[in-house]
Amino acid sequence: MLCSHGRTDIFLKIMNRTEYPSFGNWIKRGATTLWEDYEGTNSRNHHMYADIAAVMQSYVAGIRQTLKCGVPEIVIEPYVDGFNKIKASCLTVNGLTTVDFERNEKGCIARAVVPFGVKSEFIYKGKSYVLFGGENTISLDK
């Protein structure tokens, strides 16, 4: 809900907490999957908390697929504040979509792969870039 209302910053602040109980505490304790409980005593591959992966994909990596009048569209709008690198992929009904955003001393570059035949765009700092089916590379500002 935070991300859908433009507060991805608060979501990430909560996610990065390392105090018990939190997802960050799992990471601090070596988790590479979503556990069933915060203690780590039960299942260590539990789908109950999987919505967090969907939020990371849709709002942090920014890969979102919509249907407008029955026509699929893909928008990639990564949340880049505080990140120098974001890399993610998503298998949509039309094919694989990937994003690879990187910021370094030379500037920012985004690489995106989108399915052919799907209207797609990359949004960065309010500016829209049309994506074409296959691989796309976009040079962005510093």
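This section reports on the structure supplied with the text. Since the structure is predicted, the reported quantities are computational estimates derived from the model, not experimental observations.

1. Re the nonpolar core
Formed by 21 residues in total, the largest nonpolar core has its most connected members in Ile-76, Phe-101, Phe-122, Tyr-124 and Leu-140. For this core, the element with the most residues is strand 5 (residues 107–114), which contributes four residues. When sequence neighbours within four positions are dropped, the list of residues in contact with Leu-140 reads Phe-101, Cys-108, Ala-110, Phe-122, Tyr-124 and Tyr-129. Residues Cys-3, Met-15, Phe-23 and Tyr-79 belong to the second largest nonpolar core, which totals eleven residues.

2. Focus: the environment of Val-75
By secondary structure assignment, the location of Val-75 is in strand 2 (residues 71–76). Taking C-alpha positions, Val-75 is 5.1 Å from Glu-121, a pair spaced 46 residues apart along the chain. Apart from the residues lying within four places of it in its own chain, the contact partners of Val-75 are Gly-62, Ile-63, Arg-64, Glu-121 and Ile-123.

3. Things to note about unusual backbone geometry
Residue Pro-21 follows Tyr-20 across a cis peptide bond; omega there is -5 degrees. Along the chain, the position of Pro-21 falls in the loop between helix 1 (8–15) and helix 2 (23–28). The backbone of Cys-69 sits at a positive phi, close to 55 degrees, despite the residue not being glycine. Among the structural elements, Cys-69 can be located in the loop between strand 1 (63–68) and strand 2. Even without being a glycine, Lys-125 presents a positive backbone phi close to 50 degrees. Mapped onto the secondary structure, Lys-125 falls in the loop between strand 6 (119–124) and strand 7 (127–131). Among the residues examined, Lys-125 registers a relative accessible area of 60% and is labelled exposed.

4. Looking at the pairing of strand 3 (residues 85–92)
Remark: a regular strand shows side chains that alternate across the two faces of the sheet. Only one face of strand 3 is buried, namely the one carrying Ile-86, Ala-88, Cys-90 and Thr-92, since none of Lys-85, Lys-87, Ser-89 and Leu-91 on the opposite face is buried. In this sheet, strand 4 (residues 95–104) lies alongside strand 3 in antiparallel orientation, the contact comprising eight bridges. Counted as the bridge partner of Cys-90 is Thr-97 from strand 4. In sequence, strand 3 turns back onto strand 4 through a hairpin of two residues.

5. Considering the pattern of salt bridges
Tallied over the full model, the rule gives six salt bridges. In this structure, the salt-bridge partner of Glu-77 is Arg-64, at a minimum N-O distance of 3.0 Å. One end of the pair, Glu-77, is in the loop between strand 2 and strand 3; the other, Arg-64, is in strand 1, with 13 residues separating them in the sequence. On the basis of relative accessibility, which here comes to 23%, the residue Arg-64 falls in the partly exposed class. A single network of salt bridges, built from pairs that share partners, joins Lys-85, Asp-100 and Glu-102.

6. Brief notes about the packing of aromatic side chains
In total, this model carries six aromatic pairs according to the counting rule given. Arranged with centres 5.1 Å apart and planes meeting at 85 degrees, the rings of Phe-23 and Trp-26 form a pair that is edge-to-face. Highlighted residues: Phe-23 and Trp-26, both in helix 2, separated by three residues, approximately one helical turn. Just as Phe-23 is buried, Trp-26 falls in that class too. A centroid spacing of 6.3 Å and a plane angle of 70 degrees characterise the contact between Phe-23 and Tyr-38, whose relative ring orientation is edge-to-face. Of the two residues, Phe-23 is situated in helix 2 and Tyr-38 in the loop between helix 2 and helix 3 (51–60); the sequence distance between them amounts to 15 residues. Judged by its relative accessible area of 18%, Phe-23 is buried. Joined through ring pairs, the aromatic side chains of Phe-23, Trp-26, Trp-35 and Tyr-38 make up one cluster.

So, how was this worked out
- Residues numbered from 1 in each chain as written.
- Predicted model: local features only at pLDDT ≥ 70, side-chain atom pairs only at ≥ 80, totals over all residues.
- Heavy atoms only, no water.
- Core = buried A, V, L, I, M, F, W, Y, C linked by side-chain atoms within 4.5 Å.
- Buried < 20%, exposed > 50% of the residue type's maximum accessible area, 1.4 Å probe, protein only.
- Helix = DSSP H or I, 4+ residues; strand = E, 2+ residues; numbered from the N terminus.
- Contact = heavy atoms within 4.5 Å.
- Pairing = 2+ DSSP bridges.
- Salt bridge = Lys/Arg side-chain N within 4 Å of Asp/Glu carboxyl O.
- Phe/Tyr/Trp six-rings, centres within 6.5 Å; stacked < 30°, edge-to-face > 60°.

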